[in-house]
Amino acid sequence: MDSVDTLVREMRRAAGLSQRDLARRAGTSQPAIARYERGVAIPSWETLQRVAAACGQRLKVDAEPIPDASDVELAERLLSMSPRERLRSLRRYVRLHDLAGGSR
Amino acid sequence: MSERTLPDTALDPERLLRALVEHGVEFCVIGALAAWLQGSPAVTLDLDVMPRRDLDNGDRLAEALNSLGARSPSGDAVPLEGADFLGWQSQRFETEAGPIDVVPHAAAIGGYEDVATLELALGEFAIRVITLDDVIASKEALGRPKDLAALPALYATRQALRQGKRRDE
């Protein structure tokens, strides 16, 4: 998950809480929770920890490399195909690989 | 028994998957093909499957592989039976539709009962594949050079999926 609005909304829903319930438990207001979920306000790290705890969750921070733009473009092209088309396109790649004398 | 090396047969993933489905094998696709089917641009030359580990399913898997003339990588043809798939060891076979790895348990994600999967329709049949997040978790945990080399394409696919999802919302 890479956006705070989605994180807050999904944690709240998974905990079966209304915005009002969550606000009360996390010591904030319902309009503040609504703003976080719409992405028009970003909670501080401390507030986000309280929101997570109120949903029975603990936050963790992770990092991953920024993908190469051409890899993303290629992935988007594959994503525009159906799974069956992707499967068949793989067969073509494998044939090309064999024609090019690639090793397995 | 004399040993001989089989000529490589190129992967025909559709034929392999169809044979498994037609024999009623309960399995999910893992590894690079699972990622490819979800949009990852990293090409793979074999199929990795994780079967449900029980004797009946092993019997069906053995029948499916026998129907494809499965042989050990050294070229030995041994008719397979269900009990051959009750262990935890990964096994590789060459078949008339290309190489297949049978993987009962994978690093970080566990076995058939543990993995998160999604169903993909492939025309006349459907299969289950592990989620992209599980493919990534497994590759990160394995950490072999070939796994690490696959990660950039997997991260790129995850980003493309997120961007697509945001556009759909």
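Residues numbered from 1 in each chain as written. Chains lettered and ligands numbered in written order. Predicted model: local features only at pLDDT ≥ 70, side-chain atom pairs only at ≥ 80, totals over all residues.

1. Regarding the overall build of chain A
Line of reasoning, step 1. The secondary structure content of chain A amounts to six helices and zero strands.
Line of reasoning, step 2. Put simply, chain A runs from its N terminus to its C terminus through helices and strands in the order α-α-α-α-α-α.
Line of reasoning, step 3. Computed over its C-alpha atoms, the radius of gyration of chain A comes to 22 Å, more than 25% above the 13 Å expected for a compact globule of 104 residues.
Line of reasoning, step 4. Oriented by its inertia axes, the alpha-carbon framework of chain A measures out at about 65 × 25 × 25 Å.
Line of reasoning, step 5. A buried classification covers 21% of the 104 residues belonging to chain A.
Line of reasoning, step 6. By sequence separation, contacts in chain A at least 24 residues apart represent 57% of the contacts at least 6 residues apart. (Helix = DSSP H or I, 4+ residues; strand = E, 2+ residues; numbered from the N terminus. Rg over C-alpha atoms; globule rule 2.2 N^0.38 Å. Buried ≥ 20, exposed ≤ 12 C-beta atoms within 10 Å, placed from the backbone. Contact = placed C-beta atoms within 7 Å.)

2. Focus: the overall build of chain B
Line of reasoning, step 1. For chain B, the helix and strand inventory stands at five helices and eight strands.
Line of reasoning, step 2. Along its sequence from the N terminus, chain B presents helices and strands in the succession α-β-α-β-α-β-β-β-β-β-β-α-α.
Line of reasoning, step 3. A compact globule built from 169 residues should have a C-alpha radius of gyration of about 15 Å, and chain B, at 16 Å, falls within 12% of that.
Line of reasoning, step 4. Principal axes of the C-alpha set define a box for chain B whose edges measure 55 × 30 × 30 Å.
Line of reasoning, step 5. The buried share of chain B, reckoned over its 169 residues, is 42%.
Line of reasoning, step 6. Contacts spanning at least 24 positions in sequence make up 64% of the contacts within chain B whose residues lie at least 6 apart.

3. Considerations on the interface of chain B and chain A
When the parts come together, some accessible area is lost, and that loss is often what is quoted as the size of the interface.
Line of reasoning, step 1. Contacts between chain B and chain A engage 27 residues on the former and 25 residues on the latter.
Line of reasoning, step 2. Listing elements by their share of the side of chain B that touches chain A, those giving two or more residues are α1 (13-22), α2 (31-37), β7 (117-121) and α5 (145-168) of chain B.
Line of reasoning, step 3. Here the element with the most residues in the side of chain B that touches chain A is α5(B); it accounts for 10 residues.
Line of reasoning, step 4. Within the side of chain B that touches chain A, the residues separate by chemical class into 17 nonpolar, six polar and four charged. (Nonpolar A, V, L, I, M, F, W, Y, C, P; charged D, E, K, R; others polar.)

4. A few points about the nonpolar core
Line of reasoning, step 1. Judged by nonpolar contacts, the single largest core of 55 residues is most densely connected at C28(B), V29(B), I30(B), A34(B), V49(B) and M50(B).
Line of reasoning, step 2. Contact partners of V29(B), with chain neighbours within four places excluded, come to A34(B), L37(B), L47(B), D48(B), V49(B), I127(B) and V129(B).
Line of reasoning, step 3. Core analysis: the next-biggest nonpolar cluster, separate from the first, contains 11 residues, L7(A), A23(A), I33(A) and Y36(A) among them. (Core = buried A, V, L, I, M, F, W, Y, C linked by C-beta atoms within 7 Å.)

5. Things to note about the confidence of the model for chain B
Residue and element names in this part refer to chain B.
Line of reasoning, step 1. Of the residues in chain B, 92% have a pLDDT of 70 or more, and the chain-wide mean is 88.
Line of reasoning, step 2. No element of chain B has a lower mean pLDDT than α5, which averages 82, and none a higher one than strand β1 (residues 27-30), which averages 97.
Line of reasoning, step 3. In this model residues 1-7 is a low-confidence stretch, pLDDT under 50, and it forms 10 contacts with partners more than four residues away in sequence or in other chains. (pLDDT = per-residue confidence, 0-100.)

6. Structural notes on unusual backbone geometry
Residues and elements named next belong to chain B.
Line of reasoning, step 1. Not every positive phi belongs to a glycine, and A108 is a case in point at roughly 75 degrees.
Line of reasoning, step 2. Mapped onto the elements of the fold, A108 is located in the loop between β5 (105-106) and β6 (110-111).
Line of reasoning, step 3. A tally of 13 C-beta atoms within 10 Å means that A108 is categorised as partly exposed.

7. A word on helix α4 (residues 132-142) of chain B
Line of reasoning, step 1. By the burial criterion, the buried members of α4(B) are L132(B), D134(B), V135(B), I136(B), S138(B) and K139(B).
Line of reasoning, step 2. At the exit of α4(B) stands G143(B), carrying a positive phi of roughly 65 degrees.

8. So, the pairing of strand β2 (residues 47-51) of chain B
Residue and element names in this part refer to chain B.
Line of reasoning, step 1. Counting buried positions along β2 yields five of five residues, so the element is predominantly enclosed.
Line of reasoning, step 2. Going residue by residue along β2, you find L47, V49 and P51 tucked away on one face and D48 and M50 tucked away on the opposite face as well.
Line of reasoning, step 3. One ladder, built from four bridges, connects β1 with β2; its direction is antiparallel. Residue C28 lies in a different strand from β2, and its bridge partner there is M50.
Line of reasoning, step 4. Note that β2 and strand β4 (residues 98-102) share three bridges and pair parallel. Paired with D48 across the two strands is D101, which belongs to β4. (Pairing = 2+ DSSP bridges.)

9. Topic: the confidence of the model for chain A
Line of reasoning, step 1. Residues with a pLDDT of 70 or more make up 93% of chain A, whose mean pLDDT is 88.
Line of reasoning, step 2. For chain A, the element scoring lowest by mean pLDDT is helix α6 (residues 83-99) of chain A, at 84; helix α2 (residues 19-26) of chain A scores highest, at 97.

10. Some remarks on the packing of α2(A) against helix α3 (residues 30-38) of chain A
All names here are of chain A.
Line of reasoning, step 1. Closest axis-to-axis distance for the α2/α3 pair is 8 Å, and the angle between their directions is 110 degrees. The angle between α2 and α3 places the two elements in the roughly perpendicular class. Relative to α3, the crossing made by α2 is right-handed. For the pair formed by α2 and α3, the contact residues are Q19, R20, L22 and A23 on the first element and Q30, A32, I33 and A34 on the second. (Axes fitted to C-alpha atoms, helices over the stretch in contact; angles between N-to-C directions. Parallel < 35°, antiparallel > 145°, perpendicular 65-115°, else oblique. Left-handed = near helix turned anticlockwise from the far one by under 90°.)

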